[in-house]
Amino acid sequence: MDGSGLPETRSTCPYCGVGCGVLLRPDGRGGLDVRGDPDHPANFGRLCSKGAALAETVGQAHRLLAPRVDGRQTDWDTALQQVADRFSATIGRHGPDSVAFYVSGQLLTEDYYVANKLMKGFIGSANIDTNSRLCMASSVAGHKRAFGADTVPGTYEDIDEADLVVLVGSNLAWCHPVLYQRLLSARKSRGTRIVVIDPRRTASCDGADMHLALQPGSDVALFNRLLGTIHERGAADAGFLSHTDGYDDAVAAALADDAAVTGLSSRQIEAFCALWIRTEKVVTIYSQGVNQSTSGTDKVNAILNCHLATGRIGRPGMGPLSVTGQPNAMGGREVGGLANTLACHLDLENPDHRGAVRTFWDAPRMPDAPGLKAVDMFRAVGDGRIKALWIIHTNPAVTMPEADAVRDAIAGCEFTVVSDISATTDTARLADVLLPATAWGEKDGTVTNSDRTISRQRAVLAAPGAARPDWAILAEVGRRMGHDRAFDYDSPAEIFREHAALSRIAGQFGRDFDISGFADLDDRAYAGLAPVRWPVTRTRAGGRFFADGRFFHAGGNARIVPVTCRPPAAKTGPRYPFRLNTGRLRDQWHTMTRTALSPRLSAHLPEPFIDLHPDDAQSLGIHAADLVQVQNRHGQAILRARITDAVQPGQVFAPMHWTGETAPSARIDALVAAMTDPVSGQPESKASVVALTRFDAAWYGFAVSRDAMLPNADYWAMARTEHGYRAELAGRDPRADWEAEARRLFRSPGSSAVSISDAGRGVARVALYMGRALIGALFVAPRPVAVMRDYLVTLPGQAAEGILLGRPAADVPNPGPVLCSCLGVGVNTIVEAVETRGLVSVEAIGEALGAGTNCGSCRSEIAAILRGLTAPEAAQ
Ligand SMILES: Nc1nc2c(c(=O)[nH]1)N[C@H]1C(S)=C(S)[C@@H](COP(=O)(O)OP(=O)(O)OC[C@H]3O[C@@H](n4cnc5c(=O)[nH]c(N)nc54)[C@H](O)[C@@H]3O)O[C@H]1N2
Ligand SMILES: Nc1nc2c(c(=O)[nH]1)N[C@H]1C(S)=C(S)[C@@H](COP(=O)(O)OP(=O)(O)OC[C@H]3O[C@@H](n4cnc5c(=O)[nH]c(N)nc54)[C@H](O)[C@@H]3O)O[C@H]1N2
Ligand code: SF4
Ligand SMILES: [Mo]
C-alpha cells in the first residue's frame, strides 16, 4: 500500500537480468503506476530508465489479440489443433528431429519448463534451443569446464563489498544500470576501484579508474598474462590450489601466450596485474564482450583461472560474476532450455541423469544426444531438415547472425508457429500460425536473476483479447499431441512445484541446483513467494558456493583450464578493412517491440548509427551526420555516422536494436557472420568484418507526424514522440513532387498543404494540416537536414503555423535532445543552467533541474557535458 490507499502488487521488471523488484498499481483504465520495490534485494527501490518507463509500454494498441492461421484471425481451438496436428504429422513422417523449438531467456521458468519437457521428454528430440545461445552459452560452458556445473558463485552483495571490480566486456552502466548504481554507491562509501576492459570507451568508463581498450577478442591473452604474473609473483593460494587440477598446465599455456596482441602497453598491463594481485577482494563482472566470441568459452576460463588460482571465489566481496542479460536467462539454464542440457542442471548425455528424468516425467522417449544449437538449427531450417518450427518470445529474424539468411529460412520453412505479443515483429510476419501470448503485467510465474535470486512476476492487468500465457499454450499443444497427463497443468504454481520436486533428484545426484524445499509449496505460498536465492532445500536456503573448495566435477576439484588466445574468426583485409562491434543502448531493449512504444525511451537515441574514428572518417570522406553504407558478404546496412574517438581506428560500433519495423536498412545482424565458439556454439556477434562507404544520398529528409508514417525511401528510421512520430529519411534518387511524397508519407491525401520549395537547391518543406491541426511536416535538403528536431517533434496535432521555419520563434526555448529520459530534461536546458546559474556538479544539476535524480542512468552523460563546458580545450 502507498499513500493513495490502492493496493500495490510486488513483481519483477521484465528487462535485464538484474531482476529489480517493482511495485505495480493498476489505474483501473488499463494503465499502471510502477515504482521500485524498496524491499527487493536486487534493487532496494531503485529502477533504471527502462524500468521507470514500464507503464508507457503496457498499452493494448500494438497487441496481437487473437490467433491467426495463414494471416486470418481464428479461434484457439482451430489454431492449436493445427499446431498439434502439423507437429504430430511431421514427427510421424520424418521423425522427432525434423521439428524444433526456438525459445527465449525472457520466458518465465514455468513456461520454459513446459517447453523443454514437451520437446525433450515427449516429442523425444533435443532440438530445443534458445536465444541464450547468443547470450550466455559461453559462460555456461566455461562454468561447466571449471566447476563441473553451471554455477554462478557470485552475489550482488559481493559488489557492495569488493575493493576492486573489473568489468570485462560489460557496459554495466547501460545494460545493468541498477547494479552499476550499486557499484557507484559502494565506491562512494569504500573507494572501490573500477577497471573496464573493453575495446570501446563506454558510459561505464566514466566512473572507472582504468580503461583497458584492448584489441577485440584478445581478452584471453590479457588474463593469461595476469595468471602468469600471479604465478611469477607467488601470488597463487597454495592451500586453495589443492582443490583444483590443471594449474601447472594452465600456467605453462599462459606464460607461452603473448600479451602484445592486446595492443595494450606493458605499463598498462603491469598496472592492471599489480592492482588485481594486491587487492584480495576482487569481483570480475563479465558479459557479452566475453561470451559473444569464437573464443568465448576460453575467455570465461581465462578469467575463472585467475580467481581459482588465488582462491578468490565464493567468499564475500570476491569472485567471478557472469551477469545475465535477460530477466530469466538463469531460469532457462535451470530448466535445461539449451539443446545440450537437461532439466535442473542435469546432463543430457549422462545416462543416469537421463534415466532419472525420464522416470520422473514418465516420458515415452528421450533423446540421448544434444540437439541443434541456434546457428545450426536455423541452417537446418534453411536446408529443409527442420520442417516444423515453433518460435516463442524471441525475434530471430532480427537478432540471429546472418539475419537475412535466417529470415529467408523461416519464410521458407514448411510450417512455422510464432508466439508473441505483437503481430508486426519481423519474425511474426513470417508465421503460418501466430499465437497471442499474455505479456508482462498480465501473467504469473517466476524468474531467476544474475545472482540466483528467484522472484515472482505477478499479473495485475487483464489479458487483452484472447491472449493466453505461454505455459498454457504449450501445455495445451502437449495435450493435443496425446500427452494429457504429463501436461495437465492448471496453474504456474503446479509447474513450479513439479520443477522443484525434480530438482530433488538433481540434489541427490549432487548437483548445485536444488530447490526441493519448494516441492510442497501450496498455491497461497506460491502467490506470496518472496525473493529467495537458491539452493533452497528443507535444510538450506541461499548460501555460497566454492569457498569450501568443493566443486561438482567427479573427485570434487575445480579445473584450471589451459587456454591460448585466438583472434576473432573473421579477418580484416583490403576488402573488409573494418571490425564491426555491436551492442546495446541505454534506453532500448533488443528489437524494441516494447521500449520503442515509450516516447521517453525513444528520445535518447532515436536513430540507428555507426560510431567510427575521426581518422577513418577522414580517409573515407565521411562527415558528421552523413549516412554510411556498411557491407560485407552477408548483407548490408545504411547507418548514420557518429564520428568519435570512443572507438579505435579500424573499429566501428553499431547498436543491435533496429528492425524492419523501425529502420529496415539498419538490421545490423544482417552483417554479423555466424561464426561460433567451438565449445559453446555461441556466435561471434561483436567481431565481424565490413567495408564502409559514404552513402551517396540525393536527398535527406526529416519528418514529424501525428500518426505512424508510411516511409518509402532507401534509408528511414521512425521513432515515437510525445506527440506522434519522427523520422529520418534519405534516398539515392531525386524526387519530383515533394507535396505528393508528403501525402503518401503521412497517409493523408485530403489534408491541406503549405509548402515551400527551391528545386534548384534541392530544398523542400511541406506541412499538412487537417483544419488547423498539423498532421505532419517534411523537411528535405541535399545535405543532412538542419532543423531543430526537438522543437519540431512537439508540434504535431497543434496549430503550428510557423513550422516551415524549422525552428521556434526567438522567444520559445528549445530544450534540445532529451538526456534525462525519466524527467524529460534536454541537453540545452542543462547547458543553459550550467552557464547561467553556475552549476558545477552533477548533484547541483540534479537539485536544480531534477536531471539524473531518478534512475541515475544519465549521470555519466551529464558529467561529460560538465567536463566539456568547464574544460573547453578538452572538449575538442
Ligand atoms: N539497455 C539495455 N540493457 C540490456 C539489454 C538491452 O537490450 N538494452 N539487454 C540485456 C541482455 S539480453 C544482455 S545479454 C546484456 C548485455 O550486456 P553487455 O554485455 O554489457 O552489453 P553489450 O553492449 O552487448 O556488450 C558489452 C561490451 O562488450 C564490448 N566488447 C566487444 N568486443 C569485446 C572484446 O573482444 N573484449 C571485451 N572485453 N569487450 C568487448 C563492447 O564494446 C560492449 O561495450 O544486457 C542486458 N541489458
Ligand atoms: N549483433 C548482435 N546481435 C545480438 C546481440 C548482440 O549483442 N549483437 N545480442 C544477442 C543477445 S545477448 C540476445 S539475448 C538476443 C535477444 O534477441 P531477441 O530475443 O530475439 O529479441 P527481443 O526483442 O527481446 O525479442 C523478444 C520477442 O518476444 C516478444 N514478447 C514480449 N513479451 C512476450 C511474452 O510474454 N510472450 C511471448 N511469447 N512473446 C513476448 C517481443 O514482442 C519480441 O518479439 O539478441 C542477440 N543478438
Ligand atoms: S536495471 Fe533496469 S532494466 Fe534491469 S531489471 Fe532493473 S529496472 Fe529493469
Ligand atoms: Mo542477452
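Residues numbered from 1 in each chain as written. Chains lettered and ligands numbered in written order. Predicted model: local features only at pLDDT ≥ 70, side-chain atom pairs only at ≥ 80, totals over all residues. Heavy atoms only, no water.

As named in an unreviewed UniProt entry, the chain is Molybdopterin-dependent oxidoreductase, taken from Pukyongiella litopenaei.

### Comments concerning the environment of Ser821
Its location among the elements puts Ser821 in the loop between strand S33 (818-820) and strand S34 (825-826). Of the residues examined, Ser821 reaches a relative accessible area of 5% and is grouped as buried. Residues Ser821 and Ala800 lie 21 residues apart in sequence; the distance between their C-alpha atoms is 25 Å. (Helix = DSSP H or I, 4+ residues; strand = E, 2+ residues; numbered from the N terminus. Buried < 20%, exposed > 50% of the residue type's maximum accessible area, 1.4 Å probe, protein only.)

### Notes on the environment of Arg46
Mapped onto the elements of the fold, Arg46 is located in the loop between strand S3 (32-36) and helix H1 (49-52). Remark: the alpha-carbon pair of Arg46 and Ala250, spanning 204 residues in sequence, is separated by 42 Å. Residue contacts for Arg46: discarding those within four places in its chain leaves Cys20, Gly36, Val178, Gln181, Arg182 and Ser185. Here the side chain of Arg46 touches Ser185 through a polar contact of 3.1 Å, side chain to side chain. (Contact = heavy atoms within 4.5 Å. Polar contact = N/O pair within 3.5 Å; in protein donor to acceptor, adjacent residues only side chain to side chain.)

### Points about the site of ligand 3
Around ligand 3 sit Cys13, Tyr15, Cys16, Val18, Gly19, Cys20, Leu47, Cys48, Lys50, Gly51, Pro177 and Val178, and those are all the residues in its vicinity. Of all the secondary-structure elements, those providing two or more residues to the shell around ligand 3 are H1 and helix H7 (177-190). Considered class by class, the residues forming the shell around ligand 3 number nine nonpolar, two polar and one charged. (Near = heavy atom within 4 Å. Nonpolar A, V, L, I, M, F, W, Y, C, P; charged D, E, K, R; others polar.)

### What to know about the packing of aromatic side chains
Given two aromatic rings, one states the distance between the centres and the angle between the planes to describe the pair. Scanning all chains against the criterion turns up 22 aromatic pairs. Measuring from ring centre to ring centre gives 5.4 Å for Phe101 and Trp390, while their planes differ by 80°; the resulting arrangement is edge-to-face. Placement of the pair is Phe101 in strand S6 (residues 99-103) and Trp390 in strand S14 (residues 388-392), with a sequence separation of 289 residues. Of the two residues, Phe101 and Trp390, neither departs from the other in class, the shared state being buried. Aromatic side chains Phe496 and Tyr526 sit 5.3 Å apart centroid to centroid with 50° between the ring planes, which places their arrangement in the tilted category. (Phe/Tyr/Trp six-rings, centres within 6.5 Å; stacked < 30°, edge-to-face > 60°.)

### Some thoughts on the packing of helix H2 (residues 76-94) against helix H19 (residues 470-480)
Packed helices, taken two at a time, are described by the angle between their axes plus the distance between the axes. Axis separation between H2 and H19 bottoms out at 9 Å; the angle between their running directions is 60°. Here H19 runs oblique to H2, going by the angle between their axes. Relative to H19, H2 is oriented so that their crossing is right-handed. For the pair formed by H2 and H19, the contact residues are Trp76, Asp77, Leu80, Gln81, Val83 and Ala84 on the first element and Ile473, Glu476, Val477 and Arg480 on the second. (Axes fitted to C-alpha atoms, helices over the stretch in contact; angles between N-to-C directions. Parallel < 35°, antiparallel > 145°, perpendicular 65-115°, else oblique. Left-handed = near helix turned anticlockwise from the far one by under 90°.)

### Some details on the pairing of strand S15 (residues 415-420)
Judged by how many residues are buried, S15 sits mostly within the fold: six of six residues are covered. Neither face of S15 is exposed, since Phe415, Val417 and Ser419 on one face and Thr416, Val418 and Asp420 on the opposite face are all buried. Relative to S15, S14 runs parallel, the two being bridged by five bridges. Paired with Leu389 across the bridge in S15 is Thr416. Both S15 and strand S16 (residues 433-436) contribute to a ladder of four bridges, which runs parallel. Looking at the pairing, Asp420 lines up with Pro436 of S16. (Pairing = 2+ DSSP bridges.)

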